[in-house]
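Geometric and topological summary
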Amino acid sequence: MLARSLPCTCKGIAAARWRAARNHSLRRSCKRSMPATVVDAMKPKCDGMPASSMATQATARFKPIEQHIRLEGQKFVRDDWTNVPESILSRIGKRLYHKPDHPLGILCQLIMQYLPAHDWLPYLSPITTPQHNFDDLGFPVGHPGRSKNDSYYINAGTMLRTHTSAHEVAAFGDGHERWLLAADVYRRDEIDATHYPIFHQCEGAFIIKDGTAATLLPAIEQIEMEIAGHRALVDDQSTINEAINWYQPHHERAEVDLLVRHLKATLNLLILKLFKRDGQTLQIRWLDDVFPFTSPSFQVEVFFGGKWLELLGCGIVLQRTLDRANVPGKLGWAFGLGLERIAMVLFGIPDIRLFWSNDARFLSQFETGKINQFVPYSKYPACYKDFSFWAPPEFHENDLCDLIRSVAGDLVEDVKLIDNFVHPKTGRTSKCYRTNYRSMDRSLSNEEINDLQKQVVAKALELGLEAR
């Protein structure tokens, strides 16, 4: 429910830039210059380091290595797959979506209110296994989501869930037939205003006994009549066909068609209740999509604030998932949506970091059961720092982002690749990343930023990057 570069096309400019920059690690962009001791500290310290996973090396270098990770009352042995940093572990258990006056909690309450027939599942630990997170849902062995570059592993057999679907098999197996689940999920990602390594999803599911879909007709017609009573324009461009969006083997097509109709009616009404504005016609668009755990699959968008916004993914649950849950005689649908994505739009929140703020100027603006527009309380100045380095072949941008987050936390607004070129003689790849520091709550001093950047560079050198 899942870099940029500015290549130098002029070899003469590239060579000149390389000669001028090769002895510098940081390009200064704030008014006050960085102390010379910072530059002196930027000598590579890892000559001869084996080219193993940089994600694992990064985590190991941040703090003295401990043999175990203690999390939610359990103890886990580290191994070569361990790549979850302390900056992530320290956020587990915050449960922002349980707070009634928090934007995420308000949104969860509204979804529960608009889908009253669904059971709300209790808190479930984010600790899971690759079996539950990937295998049970039909993810192929080579799927990129399994990579340490994309997911957080506690060890080879244990990880942090990357989506709420990791609990599908257990929920169905426990006898839940109509359920909702909100939870924190974890993915290694870039740093900008809309991406964060911890975010929240809400998943809903509905299953019935195979061969009984016709009993849904009265409910479907009632929901469709309610939608017709509102100002809504639904553009359904989705299809079910053998080439792209196919029926699953052994499913009766008439049954699936009714379930798809029930799914679309249910979600259209949910979206209408969340996004409707007095006197305005809400536009909803359905498109084909492909997910490892549903077929047929769909994407739903809404036209809001002058543009189309991707809201959620959904589809008919894979029979393999239901079989593994030991409910082989069932058939149903599921959907998943990102709470931050919707809350940022509904509440007008410009930066995803704000969801983690404890500042009263943020939290006091929200009230249980109400959607109101966030009023920015200040805009503090930004300060950026550039870091140029020779990148080894195994380098992945998410390793650098995790490293920067572990040093500077939410003081980092974004990290962008601003230059990328290959040396014409040596074939080595040079990259330059710009880190934009900006606090949401206070002004940052040049000395504070210089110290943070010094720590970032020092840890990057320990990771095996060679400063330019």
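As named in an unreviewed UniProt entry, the protein chain is Phenylalanine--tRNA ligase, mitochondrial, taken from Mixia osmundae. Regarding the protein chain, the UniProt comment filed under Function (unreviewed entry) reads as follows: "Is responsible for the charging of tRNA(Phe) with phenylalanine in mitochondrial translation." Check the Subcellular location (unreviewed entry) section of the UniProt entry for the protein chain; it says "Mitochondrion matrix".

**Remarks on the packing of aromatic side chains**
Each aromatic ring pair is described using two quantities: the centre-to-centre distance and the angle formed by the ring planes. A full pass over the atoms with the stated rule returns 20 aromatic pairs. Between Phe362 and Phe366, the ring centres sit 5.0 Å apart and the planes meet at 65°, which makes this aromatic pair edge-to-face. Pair check on accessibility: Phe362 and Phe366 agree, each one buried. Centre to centre, the rings of Trp390 and Phe421 are 6.5 Å apart; their planes meet at 70°, and the pair counts as edge-to-face. Here the residue Trp390 occupies a position in strand 15 (residues 383–391), and Phe421 occupies one in strand 16 (residues 412–422), the gap between them amounting to 31 residues. Ring-pair connections join several aromatic residues into one group, and the members of that group are Phe347, Phe362, Phe366, Phe374 and Tyr377. Between the NZ or CZ atom of Arg95 and the centre of the ring of Tyr123, over which it lies, the distance is 3.5 Å. The positively charged end of Arg468 is found above the aromatic ring belonging to Trp390, 5.5 Å away from the centroid.

**Remarks on helix 9 (residues 253–275)**
For helix 9, spanning 23 residues, the distance from its first C-alpha to its last is 32 Å, which sits close to the expected 33 Å at 1.5 Å a residue. Buried residues dominate helix 9, accounting for 18 of its 23 residues.

**Quick word on the nonpolar core**
If you look at the biggest cluster of nonpolar residues, it comprises 78 residues, and the most contacted ones within it are Phe275, Phe335 and Leu339. Examining the composition of this core, we find that 13 residues originate from one element, helix 9, more than from any other. In this view, Phe275 contacts Leu282, Val302, Phe304, Leu311, Ile342, Val345 and Leu346; residues no more than four positions away in its chain are not counted. Counting 28 residues, the second-largest nonpolar core is a separate cluster that includes Cys383, Ala391, Val457 and Leu463.

**Some words on the side chain of Arg353**
By the secondary structure assignment, Arg353 is in the loop between helix 11 (339–347) and helix 12 (360–363). A residue is classified by how much of its surface remains accessible, and Arg353, at 3% relative accessible area, is buried. A polar side-chain atom of Arg353 sits 2.9 Å from the main-chain carbonyl oxygen of Arg438. With sequence-adjacent residues up to four places away left out, Arg353 is seen in contact with Tyr196, Asp410, Leu411, Val412, Glu413, Arg438 and Met440.

**What to know about the pairing of strand 14 (residues 330–338)**
With respect to burial, strand 14 is a largely interior element, nine of its nine residues being buried. Burial of strand 14 is two-sided: the residues Lys330, Gly332, Ala334, Gly336 and Gly338 facing one way and the residues Leu331, Trp333, Phe335 and Leu337 facing the other way are all buried. Pairing geometry for strand 9 (residues 198–209) and strand 14, over nine bridges, is antiparallel. Among the inter-strand pairings, Ala205 is bridged to a residue of strand 14, identified as Ala334. Relative to strand 14, strand 13 (residues 307–317) runs antiparallel, the two sharing five bridges. In the sheet register, Gly313 faces strand 14, and the bridge partner there is Gly336.

Each value, and the rule that gives it
- Residues numbered from 1 in each chain as written.
- Predicted model: local features only at pLDDT ≥ 70, side-chain atom pairs only at ≥ 80, totals over all residues.
- Heavy atoms only, no water.
- UniProt positions renumbered as here; feature names shortened; annotations may be inferred.
- Phe/Tyr/Trp six-rings, centres within 6.5 Å; stacked < 30°, edge-to-face > 60°.
- Buried < 20%, exposed > 50% of the residue type's maximum accessible area, 1.4 Å probe, protein only.
- Helix = DSSP H or I, 4+ residues; strand = E, 2+ residues; numbered from the N terminus.
- Lys NZ or Arg CZ within 6 Å of the ring centre and 35° of its normal.
- Expected span 1.5 Å × (residues − 1).
- Core = buried A, V, L, I, M, F, W, Y, C linked by side-chain atoms within 4.5 Å.
- Contact = heavy atoms within 4.5 Å.
- Polar contact = N/O pair within 3.5 Å; in protein donor to acceptor, adjacent residues only side chain to side chain.
- Pairing = 2+ DSSP bridges.

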